[in-house]
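Residue-level structural notes
Here is how the chains run, residue by residue.
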Amino acid sequence: MSQPIFGNQLSSFVKRNGSLVVLIFLFLLFSLTIANFTDSRNLTAIMFQSVVTGFLALGQFLVIVTGGIDLSQGAMVAMTSIVVSVSMMRYGAWAAIVCGLLAATLLGFCTGLLVAKTTMPPFIVTLGMMGIARGIAMMLANAKPVPITNDTFKLLGSERIGWVPVSAILLVISALIIHYILRFRRIGRYIYAVGSSESSARLSGVNVARIKLLVYMLSSFFCAIGGMIWTARLVSGSPVGGYNYETESIAAVVVGGASLSGGEGNVLGTMAGVLIFQCINSMLNLTGINPFWQGAFKGLLIIITVAISGLRGRGKLLGSRKGAKSV
Amino acid sequence: MKRSLPLRLSKNGPGASMMQASVILIVLIILAYILSSGVFIQPTNLLNILRQNTMLLIVVLAEFLVILTGGIDLSLGAVVAFSSVIVVLFQGYGLGLALVMALAGGLLIGLLNGMLITYLRLPAFVITLAMQQIVYSVAKVMTNGAKIEHSLNGAMLNMRLTQLYKQDLFGVSVPIWFCVGMVLLVSVYMHTKYGYYIYAIGGNDKAARMSGLPVKTVRIMAYVLSGLFSALAGFLFVSRVGTGDPDTGTLLSMDAIAACTIGGTSLAGGKGNVSGTVIGLLVLCVLNNVMSLVHVSPNIQPLVKGLVILIAVYMNNMKSKGDN
Amino acid sequence: MDDLVLKLEGICKSFAAVQVLKEVSLSLYAGQVHCLIGENGAGKSTLIKVVSGAYHPDAGIITYLGKTIGEIQPRWARENGINTIYQEIDLVPHLTAAENILLGEEPLTRFGNIDKKRAYGRCKELFAKLGVEIPLEVPVSQLRLAQQQMVAIAKALHMNSRVIIFDEPTSVFTSKDVEILFRIIRDLKKSNIAILYISHHMDEIFEIGDQITVLRDGALIRTDKTENFTKESLVHAMVGRNIDFVHDGAENEQGEIVLEVKNLCANKMVKDVSFQLHKNEILGFGGLVGAGRTETMRALMGVDPYESGEVLVRGQKARIKNPRHALGLGIGMLPESRKTEGIVGARPVGDNITYSYVENTTKLGIVRWKDVKAKAAGTVNQMAVRPNDTRKLVTFLSGGNQQKVVLGKLLAANCDILILDEPTRGVDVGARSEIYDTIKQLRAQGKAIIMISSDMTELLTQSDRILVMSEGQIVSEMKGAEATEEKVLSSALRVEA
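This write-up is about the structure you can find in this document. Everything quoted here is computed from the prediction, not taken from an experiment. Starting afresh in each chain, residues are numbered from 1 along the sequence in its written order. Chains carry letters and ligands carry numbers; both start at the beginning, A for chains and 1 for ligands, and go up in the order they are written. Only residues with pLDDT of 70 or above have their local features reported here, since the model is predicted, and side-chain atom pairs are shown and tallied only from 80 upward, although totals for entire chains, interfaces and linings are computed over all residues.

Observations regarding the overall build of chain B
For clarity, the threshold we go by: For the purposes of this entry, the term helix denotes a DSSP run of H or I that reaches at least four residues, the term strand denotes a run of E that reaches at least two, and both are numbered from the N terminus. Throughout, radius of gyration means the C-alpha value; the globule benchmark is 2.2 Å times the number of residues raised to the power 0.38. To sort residues by exposure, count the other C-beta atoms lying within 10 Å of each residue's C-beta; 20 or more gives buried, 12 or fewer gives exposed, and values between give partly exposed, all with C-beta atoms placed from the backbone. Residues are defined as contacting one another if the C-beta atoms placed from their backbone atoms lie within 7 Å.
Scanning chain B for helices and strands turns up 14 helices and 2 strands. For chain B, the C-alpha radius of gyration of 19 Å lies close to 20 Å, the compact-globule estimate for 324 residues. Classification of the 324 residues of chain B by burial places 56% in the buried group. Here the contacts in chain B between residues at least 6 apart in sequence split such that 78% fall between residues at least 24 apart.

Below you can see the structure in the form of structure tokens.
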């Protein structure tokens, strides 16, 4: 195979990791123009704020790559937070964590089952599941927040190593694991294949139903982790929190370069997407611009991202031979 | 309950999914009657249901139009909030002006949505999601995040507006007039050539194009109408609640989509009708009403709602699988 | 090499009321290329779908490697050595060539990771065998069509295929690609793979085929060694019927020119096409699949854009930008694929018929629904749609009646120039003659009709004049009454008759 010249390599790298480039650009821009942006305090704050969305985005990314969507993430966060805080009172921190993970993954299993085995669109299934998870949260907590008293658990939210939060390290490890799986394991290829062309994947022996089940379970699993970190930060379980968290994760995934129709994107881009939004938030805070402008920035960023990839030419799929018909 | 529906049912797809929804509704009504010891059926209760859900009805109709053309609109709630803010800000200069400004805002947002989605061919989900963020943001900036009651010129919220909701016009409550009016309006729209075209465009847009239908125009119009309707809902919101709230309506789009799908509207487009959608909405409303009449803890409500959505759509799905 | 690999005996297959394969038998031997040829609609595509497991035959026996096999599933066929390279290549678009080839059975390292080295090694091996070089790291959607095909072939090789079927592989190939493909096929022969090759390119068949089978109307006409055929005898086998063609209808008085096309060029499929269309005329367009007929008409109808050329409608220059524009000029089209472009299946008959008509009755945006309803009912009667019910959903109608609905739509819209693309494909005999009658009535009323047809009988009996296209150009013109199947086919195949 001939060696591509440096220029080509660079441009294809940019195409594949556009969000990373944007992140670097924004980071440089802000560090140069905004005082205190690169302060360890600020960087730590950015990381703290990115973690929960980061976990959600990781799960959402997996689901979106298969061509689906998960609208239940916010409710899962709330539900996990209640399950964890309620069981912590009775069984202690570690048991509570296990309960939380189990509860969310179980619901994720149900979601995945419905998506894989019926023709119901993931939009509706996860919409319904959103209500169910939220209901469970409200019922268990009787609509009241549940305080966390366990000190070890609290650390999950606040503990740092230097200026890096422990939860951020957890996120990085999780992201690396997922990246590793997607890149180096068979199942990673299958996940992309299902989103790219379900029929061709099936023809090659890929168990499409199993893959779909897996990604929804993973999404809920990561929601649980994110939920626990969130709970630890709030120092209480809240049944009414988490509203619209899935909007954040979807935005991050889209800006990170994944396509809603599936088959495209990577973990690095998604994480970059999360950080891009957080950097912008940070910028708004530090420069004293009305923080309410956050949403507008976010929305514009999403539109620009999608417009650019849309205009660059939606990947024409496979050679459609116009005019060649089979007889 | 509602006055009889004046539609050419034959024009609107197989009524089967509507049957599903009607069945659920009837079951719910019976349950409601039993569980509430008859309270449910009392006219005051029924009218209350309508009054409380006028806004939702208008928004559901808006979403219905967009989904029919094969799209989706997640920015509805944001437009309602934004419109409520505009109404309060401008009502000091006259209620009429306030309404006009709100509608103009809704129209503009809808137009933007429509053009980005249709001309640039960008995915509706993402674009309206982004638009939602932007519109909420602008609304919050305008009020500094708070609920407002004062106009730009300092005038306090006009009493006439807040009285509007409680008044009766010719013996019928004003919100009920709005309900009826909007349903009629949309039904009439579906009877114009654009309504006719919508089904073709949602059903098979290639064939629609080949038949000379103005596909792009109709699609954009759906989004514009959606913006207008949502703006109107925002106006009513102010009337009912008495403030402009830049935070309201965050779950509105989802509820609207749920009502549409329960009523048999397919997310893919081209399938569904006004009656079915109204019934879908009623299912949700009756559900809520029953639960509060029976003093079911509000905690359990989201769960029941979620289950109902899943069951209803599952049944619709099974039915259409059977068709194939 | 005479090992019998795959044997089909007495295969029958019907779709609804139409029998597409009538007791077809075929034998594939290891190391031999067996070519399958026939006109459009002869049943070639159906036959290979039966072999690959996409369709199940209604009757007949399939013997593979000595064993009789029952109902084949496509995945089973693939995994057991029967591989089809379809025109619509079934690869996963976002995955690379290497990932596609090894999808489902990627080699693993000791730690369970995908062993990229071994994977690439295997792919390079396969490509070396094929004598091609394909970038392994690029998503296949970015490869050229010919390259995608190579990947599909490599995949077939990897799966130790004993049978490889090529379905019209060279439709959009350059001559260089064809050379490469043939070299590969010759190598495949040396590996004792049995090859079934469907094509209508005469030269290719004579160059690469060891055996030729001719299908006509779903039946096996002749199967023989290539050396026993000549181009003429092949055409004769494809064509020879005992039915005398009686040209329907008396000599027709051609009216004035209503449409003139000059030097039309569109997206590589239409290369400098010029012709005229008259009132009171049915102009048939013959030619093989891929000749560019549909593309030409789509450009005329504004469905697809065209690069250059002039179109004059009733003497006035027109730059038709979209179907709405075309309909405004009185041009209407019955598309080739009624399911994807002709009907809105989920809507009733009445709606479908009046979609193009509604505009005409609208005054100030208000539609006169009474008129629309009347028009729908009237047209349904006129076209003899069965069942005679404007409220019936079109998807529940038979193919013939669906076609009548689409035709009715053009009538209701008062089109003067009608473009019919395969008007009776998949239509039963009864509806067929009704459609023909309608077309002739339209002609008598002074309308101008273009009819693309791959059905030779239809083309010859219904057309006043026939234009034959091949590879994007018009290659011959003949009067309907003087045309014969052999003349048309020879032009289409670019064979000197």
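Concerning the overall build of chain A
Regarding its fold elements, chain A presents 14 helices and 4 strands. Radius of gyration (C-alpha) of chain A: 21 Å, near the 20 Å computed for a compact globule of 327 residues. Counting every position in chain A, which comprises 327 residues, the buried fraction comes to 53%. Put simply, 78% of the contacts in chain A that link residues at least 6 apart link residues at least 24 apart.

Details of the interface of chain B and chain C
What counts is decided by this rule: Charged residues are taken to be Asp, Glu, Lys and Arg, nonpolar residues to be Ala, Val, Leu, Ile, Met, Phe, Trp, Tyr, Cys and Pro, and polar residues to be all remaining types, Gly included.
In this complex, chain B contributes 20 residues to the contact, which on the side of chain C involves 24 residues. Within the residue set of the side of chain B that touches chain C, elements represented by two or more residues are α9 (193-203) and α10 (205-210) of chain B. The residue inventory of the side of chain B that touches chain C, partitioned by class, reads 8 nonpolar, 8 polar and 4 charged.

Comments concerning the pairing of strand β19 (residues 417-421) of chain C
Residue and element names in this part refer to chain C. Using the following cut-off: When DSSP finds two or more bridges between a pair of strands, those strands are recorded as paired.
Burial of β19 is extensive: 5 of the 5 residues sit out of reach of the surface. Along β19, one buried face is formed by Ile417, Ile419 and Asp421 and the opposite face, lined by Leu418 and Leu420, is buried too. Pairing between strand β16 (residues 331-334) and β19: 4 bridges, direction parallel. Along β19, the bridge assignment pairs Ile331 with Ile417. Note: β19 against strand β20 (residues 448-452), 5 bridges, orientation parallel.

Points about the sheet that holds β20 of chain C
All names here are of chain C. Quick note on the threshold: Only the contacting stretch of a helix is used when fitting its axis, a line to C-alpha atoms as for every element, and angles between N-to-C directions run 0 to 180 degrees.
Sheet architecture is open: 6 strands sit in the order β16-β19-β20-β13-β21-β22, paired in mixed fashion. Because the sheet does not close on itself, it has two edges, and the strands there are β16 and β22 (473-479). In this sheet, neighbouring strand axes are inclined to one another by 20 degrees on average, regardless of whether the strands run parallel or antiparallel. Pairing geometry for strand β13 (residues 281-287) and β20, over 5 bridges, is parallel. Bridge pairing in β20 places Leu283 opposite Ile450. Strand contacts of helix α17 (residues 485-492): β13, β21 (465-470) and β22, with the helix running at about 30 degrees to β21, the strand carrying the most contacts.

Let's talk about the sheet that holds strand β15 (residues 316-317) of chain C
Residue and element names in this part refer to chain C. One open sheet holds the 4 strands; their spatial order is β12-β11-β14-β15, and the pairing between them is antiparallel. Each of the sheet's edge strands pairs with one partner strand only, and the pair in question is β12 (270-278) and β15. Sheet topology note: the strand β11 (residues 257-266)/strand β14 (residues 308-313) ladder contains 5 bridges and is antiparallel. Along β14, the bridge assignment pairs Cys265 with Ser308. On top of the sheet, helix α9 (residues 293-301) reaches β11, β12 and β14; it is set at about 115 degrees to β11, its chief contact.

Observations concerning the interface of chain A and chain B
On the side of chain B, 39 residues touch chain A, which itself brings 40 residues to the contact. Of all elements in the fold, only α6 (122-141), α12 (245-255) and α14 (294-311) of chain A reach the threshold of two or more residues within the side of chain A that touches chain B. Among the residues making up the side of chain A that touches chain B, the classes are represented as 25 nonpolar, 13 polar and 2 charged.

Focus: helix α4 (residues 116-130) of chain C
Residue and element names in this part refer to chain C. Note the threshold: Each residue after the first adds 1.5 Å to the expected span of a helix. The arc in question is the one spanned by the directions pointing from the helix axis to the C-beta atoms.
If you check α4, its first and last C-alpha atoms are 21 Å apart, about what 15 residues at 1.5 Å a residue would give, namely 21 Å. The set of residues buried in α4 consists of Cys123, Leu126, Phe127 and Leu130. For α4, the angular spread of the buried residues around the axis is 95 degrees, confining them to a single face. The exposed residues of α4 that point more than 90 degrees off its buried face are Lys117, Gly121 and Ala128. The inward-facing, buried residues of α4 contact α3 (97-101), α5 (145-158) and α6 (175-190).

Description of the environment of Ala156 of chain C
Residues and elements named next belong to chain C. Position of Ala156 among the secondary structure elements: in helix α5. Residues Ala156 and Asn83, 73 residues apart in the sequence, show an inter-C-alpha distance of 5.7 Å. Beyond its immediate stretch of four places on either side in the chain, Ala156 contacts Asn83, Ile85, Ser161 and Ile164.

A look at the pairing of strand β6 (residues 82-85) of chain C
Residue and element names in this part refer to chain C. Alternating positions in β6 separate into two faces, Ile82 and Thr84 on one and Asn83 and Ile85 on the other, with burial throughout. Inspection of the sheet shows β6 paired to strand β7 (residues 163-167) by 4 bridges, in the parallel sense. Considered in β7, the bridge of Ile82 is made with Val163.

Comments concerning the environment of Ser239 of chain B
Residues and elements named next belong to chain B. Mapped onto the fold, Ser239 is located in helix α11 (residues 215-241). We classify Ser239 as buried; it has 26 C-beta atoms within 10 Å. Sequence-wise, Ser239 and Ala312 are 73 residues apart; in three dimensions their C-alpha atoms are separated by 33 Å. What Ser239 contacts, discounting residues up to four positions off in sequence, is Leu161, Thr162, Leu164 and Tyr165.

Some details on the packing of helix α4 (residues 73-91) of chain A against helix α11 (residues 208-234) of chain A
Residues and elements named next belong to chain A. Applied cut-off: Orientation labels follow simple angle bins: below 35 degrees gives roughly parallel, above 145 gives roughly antiparallel, 65 to 115 gives roughly perpendicular, and whatever is left gives oblique. Left-handed describes a crossing whose near helix is turned anticlockwise from the far helix by less than a right angle; the clockwise case is right-handed.
Taken N-terminus to C-terminus, the directions of α4 and α11 make an angle of 60 degrees; their axes are 8 Å apart at the nearest point. The angle between α4 and α11 places the two elements in the oblique class. You can see that α4 and α11 cross each other, and the crossing is right-handed. The residues of α11 that touch α4, namely those facing Gln73, Met76, Val77, Thr80, Ser81, Val84 and Ser85, are Ser219, Ser220, Cys223, Ala224, Gly226, Gly227, Met228, Trp230 and Thr231. The residue makeup of the contact of α4 with α11, split by class, is 7 nonpolar, 9 polar and no charged.

Spatial relationships are all this shows, so hold off on functional conclusions.
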